[in-house]
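# Summary of the model geometry
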Amino acid sequence: MTNLRHQHRRAGLPLALLLAAGLAACESAPVGEAGVVAFGRVWTGNPDQPWAGGVAMRGDTILAVGDSGDLARYVGAGTEVVTAAGGMVVPGFMDGHTHFLDGGFQLISIDLRTADTPEEFTARIAAFAAERKPGEWITGGDWDHERWPGSPLPTRAWIDSVTPDNPVFVQRLDGHMALANSAALRAAGISKATKDIAGGLIVRDPRTGEPTGILKDNAQGPVYSAMPDPTAAQQDAALARALAFASSKGVTATNFMSAPTGSLAAFQRAQAAGALTVRVKMFFPINRWRWVADTVAALGVGDDWLRIDGVKGYMDGSLGSTTALLFEPYRDDPTTRGLETTPLDSIRRWVQAADSAGLQVAVHAIGDRANALLLDIFDSVAATNGVRDRRFRIEHAQHLRPQDITRIAKSNVIPSMQPYHIIDDGRWAAKRIDTTLLRTTYAFRDLIDQGAHLDFGSDWTVAPIDPLLGIYAAVTRRTLDDKNPGGWFPAQKVTVEEALRAYTVENAYGIFAEGRRGVLKPGARADVVLLDRDLTKVSPIDIANTQVLATVAGGKVVYRAP
Ligand SMILES: [Zn+2]
């Protein structure tokens, strides 16, 4: 930094900042002006300097972490100062598991979740359709007819007259049924003459036999097939919304799980335009491992903004739909122990191939049996392909036998888990599985105590993209129905700092970015979040009320609370 610039900086400082900075600090050794300085009680994630009073950043690099007096000298005329007075500054949150672009599509699509009457449902669709071009599909919705007096299912007659030019296919919030208007039924070739589809139901008018527009489960398939793929412009719009929304929640990085290969271009465009405000690692479907390997060979693995060397597979389904793969039969449906959603031979072959190609492998496993079988596959692939630092990931790792918790820790497999699911599923999980397994369900405490690199995330759009809600869930384990005020299986609770680590330091480790991300220290990437309260000082219940004051990603303030 030149003298001239230094003087300009002093001359240009407003009085308040001069006072804050202190004249003496300005006279000291040339330190250079920071682009952004964040003041507040800083939790760094760095064991060598766990707490500080501020963080100075220039470009995408942290210049200094120290007490507020030291850092004042980095404040110049061009420095943006953000302050969490009485609050807290932490490394930017990393969300280990999202369906990121799907989240963006949900945000740009019609919102029917809060439509409390059939009239409201129709009115919102009419208003949304009026803004669309003819022929453009209207999807999303997430309506809930249980909110309506008498709970009638909607029919196409409710919306046909207000959507003459647009096919409409809006789903119920659980995704197990959706309403098509007449244009969408026509596009899908569904009529009175259409036979029912295995695993699905076409709801029909009892008098005329005509489809009402409600299609359940597999009967939705023909409409989804008839829908055009999103255009580049639609993808860009969805991504922009997802980025802005994530920034407002303090999220500065995420892993986009099950990313369609066709979505890579949208992320590349955003990066080229300098519009990525969230760092993204993409995990593409594992059966596309060869495409991923070829793409990495052509383009490289990417950088700290966009990394593309991940693949993701599936072992089983979910507990909610009784398709999580268990050792014991379901308590509420003893005819089933869940489903292998991918044949074991295929998943083993793909894991092996992707691992040989140098890709990072993540696999969804929820049930205890799915997790045990997956650990076997990981072991056999590691034995075949030889020793390397591969960091296999288990996505969800929800129900684990004690011996598998030990295996995860010993074999350095990353458990990538979503604490919000506890306070949601905890309401009804006891109906499905017995207490022995519940004790090691979302077994955060045991995993940490055994030395596993526990990563936290949201699973957005299945759950809200909100790390503060996740920290609240991990720390309190209070179910949403408030029936477990002391915490659901409280022995597995973690501390605030452990939850913070799982959203920052450990998430960086989970994608080979430790040391330079998820931590506040000189030389690391400049991602910081400012919170309106100190999570380590408030009562655990109050964590859920925490507001993000500002988000800094790549050394730029990308969000400020209104
Ligand atoms: Zn998911």
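Small disclaimer: the values here were computed from a predicted structure and weren't measured. (Residues numbered from 1 in each chain as written. Predicted model: local features only at pLDDT ≥ 70, side-chain atom pairs only at ≥ 80, totals over all residues. Heavy atoms only, no water.)

### Looking at the overall build of the protein chain
- Secondary structure summary: the protein chain contains 21 helices and 21 strands in total.
- Taken over the C-alpha trace, the protein chain has a radius of gyration of 25 Å; the compact-globule value for 562 residues is 24 Å, and the two agree within 12%.
- Taking the principal axes of the C-alpha coordinates as reference, the protein chain spans close to 85 × 55 × 55 Å.
- For the protein chain, the residues scored as buried account for 54% of the 562 residues in total.
- Expressed as a percentage of contacts within the protein chain between residues at least 6 apart in sequence, the contacts between residues at least 24 apart total 72%.
- When the accessible surface of the protein chain is totalled, it reaches about 22600 Å², and 53% of it is carbon and sulfur.
- Taking the average location of the 58 positive side-chain charges in the protein chain and that of its 62 negative ones, the two points are 2 Å from each other. (Helix = DSSP H or I, 4+ residues; strand = E, 2+ residues; numbered from the N terminus. Rg over C-alpha atoms; globule rule 2.2 N^0.38 Å. Buried < 20%, exposed > 50% of the residue type's maximum accessible area, 1.4 Å probe, protein only. Contact = heavy atoms within 4.5 Å. Areas by Shrake-Rupley, 256 points an atom, 1.4 Å probe, with all protein chains shown as cover. Lys, Arg positive; Asp, Glu negative; His and termini not counted. Charge placed at Lys NZ, Arg CZ, Asp CG, Glu CD.)

### With respect to the sheet that holds strand 17 (residues 414-417)
- Pairing is parallel in the open sheet, where eight strands are placed in the order 5-12-13-14-15-16-17-18. For this open sheet the edge positions go to strand 5 (93-98) and strand 18 (455-456), each flanked by a neighbour on one side alone.
- Bridge count for strand 15 (residues 360-365) against strand 16 (residues 393-396) is four bridges, and the pairing is parallel. Counted as the bridge partner of His364 is Glu395 from strand 16.
- Across the sheet, helix 13 (residues 368-385) lies against strand 15 and strand 16, angled at about 160° from strand 15, the strand it touches most. (Pairing = 2+ DSSP bridges. Axes fitted to C-alpha atoms, helices over the stretch in contact; angles between N-to-C directions.)

### Comments concerning the side chain of Arg533
- The topology assignment puts Arg533 in the loop between strand 19 (528-531) and strand 20 (548-553).
- Overall, the relative accessible area of 18% leaves Arg533 in the buried class.
- Beyond its immediate stretch of four places on either side in the chain, Arg533 contacts Gly86, Gly87, Met88, Val538, Asp542, Asn545 and Thr546.

### Remarks on the packing of aromatic side chains
- Overall, the coordinates contain 16 aromatic pairs when judged by the stated rule.
- Site record: aromatic cluster; members linked through ring pairs are Phe93, Tyr442, Phe444, Phe456 and Tyr503.
- Taking the ring centre of Trp51 as reference, the NZ or CZ of Arg41 above it sits at 3.7 Å.
- Stacked on the ring of Phe128, the Lys or Arg Arg132 has its end atom at 4.1 Å from the ring centre. (Phe/Tyr/Trp six-rings, centres within 6.5 Å; stacked < 30°, edge-to-face > 60°. Lys NZ or Arg CZ within 6 Å of the ring centre and 35° of its normal.)

### Notes on the environment of Val462
- By the secondary structure assignment, Val462 is in the loop between strand 18 and helix 19 (467-476).
- You can call Val462 exposed: its relative accessible area is 58%.
- C-alpha of Val462 to C-alpha of Ser356: the two residues are 106 residues apart in sequence and 32 Å apart in space.

### Observations concerning the pattern of salt bridges
- Across all of its chains, the model carries 39 salt bridges by this definition.
- One salt bridge connects Arg113 with Asp111, and the closest N-O pair in it is separated by 3.1 Å.
- Overall, Arg113 belongs to the partly exposed group, its relative accessible area being 32%.
- Taking relative accessible area as the criterion, Asp111 reaches 35% and is therefore assigned partly exposed.
- With its nearest N and O atoms 3.0 Å apart, the salt bridge here joins Arg533 to Asp542.
- Asp542 sits in the partly exposed class, given a relative accessible area of 24%. (Salt bridge = Lys/Arg side-chain N within 4 Å of Asp/Glu carboxyl O.)

### As for the layout of surface pockets
- One number sums up the size of the second largest pocket: a volume of about 210 Å³.
- Glu328, Asp368, Asp434, Thr436 and Leu437 are the residues nearest the centre of the second largest pocket, which is lined by 15 residues in total.
- Of the residues contributing to the lining of the second largest pocket, the split by class is seven nonpolar, two polar and six charged. (1 Å grid on protein atoms, 1.4 Å probe; cavity = no way out; pocket = protein on both sides within 12 Å on 5 of 7 lines; lining within 4 Å. Points joined across faces, edges and corners; volume = space filled by probe spheres on them. Nonpolar A, V, L, I, M, F, W, Y, C, P; charged D, E, K, R; others polar.)

### Quick look at the sheet that holds strand 10 (residues 200-204)
- Ordered by their spatial adjacency, six strands build an open sheet running 6-7-8-9-11-10, and the pairing between neighbours is mixed. Where the open sheet ends on each side, the last strands, each with one partner, are strand 6 (110-111) and strand 10.

### Focus: the nonpolar core
- Counting residues in each nonpolar core, the largest one holds 103 residues, and the members touching the most others are Phe100, Met282, Met315 and Val351.
- Looking at this core, the element that brings in the most residues is helix 13, giving seven residues.
- Not counting residues within four places of it along the chain, the set of residues in contact with Val351 comprises Ile286, Val361, Val363, Ile377, Phe378, Val381 and Phe392.
- Ala38, Met57, Val519 and Ala550 belong to the second largest nonpolar core, which has 19 residues in total. (Core = buried A, V, L, I, M, F, W, Y, C linked by side-chain atoms within 4.5 Å.)

### Comments concerning helix 13
- Here helix 13 spans 26 Å end to end across 18 residues, near enough to the 26 Å set by a 1.5 Å rise per residue.
- Within the sequence span of helix 13, burial applies to Asp368, Ala370, Asn371, Ala372, Leu373, Leu374, Leu375, Ile377, Phe378 and Val381. (Expected span 1.5 Å × (residues − 1).)

### Some thoughts on the packing of helix 9 (residues 232-248) against helix 10 (residues 264-272)
- Close contact between helix 9 and helix 10 brings their axes to 9 Å; oriented N to C, the two are set at 65°. In the crossing of helix 9 with helix 10, the sense of the turn from one axis to the other is right-handed. Contact with helix 9, carried on its side by Ala232, Gln235, Asp236 and Leu239, involves Ala266, Phe267, Arg269 and Ala270 of helix 10 and no other residues of that element.
- Residues that form the contact of helix 9 with helix 10 fall into these classes: five nonpolar, one polar and two charged. (Left-handed = near helix turned anticlockwise from the far one by under 90°.)

### Topic: the confidence of the model for the protein chain
- Summary statistics for the protein chain give a mean pLDDT of 92 and a share of 94% for residues scoring 70 or more.
- Low pLDDT (under 50) marks residues 1-30, which in the prediction has 27 contacts with non-local residues, meaning those over four places away or in another chain. (pLDDT = per-residue confidence, 0-100.)

### Regarding the pairing of strand 21 (residues 556-560)
- Two elements, strand 20 and strand 21, share four bridges in a ladder whose sense is antiparallel. Residue pairing in the sheet places Ala550 in a bridge with Arg560 of strand 21.
- Hairpin connection, strand 20 to strand 21: the antiparallel pair is bridged by two residues, and Gly554 has positive phi, about 60°.

### Considering the pairing of strand 16
- With respect to chirality, the unit in which strand 15 leads through helix 13 into the neighbouring parallel strand 16 is right-handed.
- Judged from the three bridges that link them, strand 16 and strand 17 form a sheet pairing that is parallel. Pairing of Arg393 across the sheet is with Ile414, part of strand 17.
- Handedness of the strand 16-helix 14 (residues 402-410)-strand 17 crossover: right-handed. (Right-handed = clockwise from strand over helix to strand, strands pointing away.)

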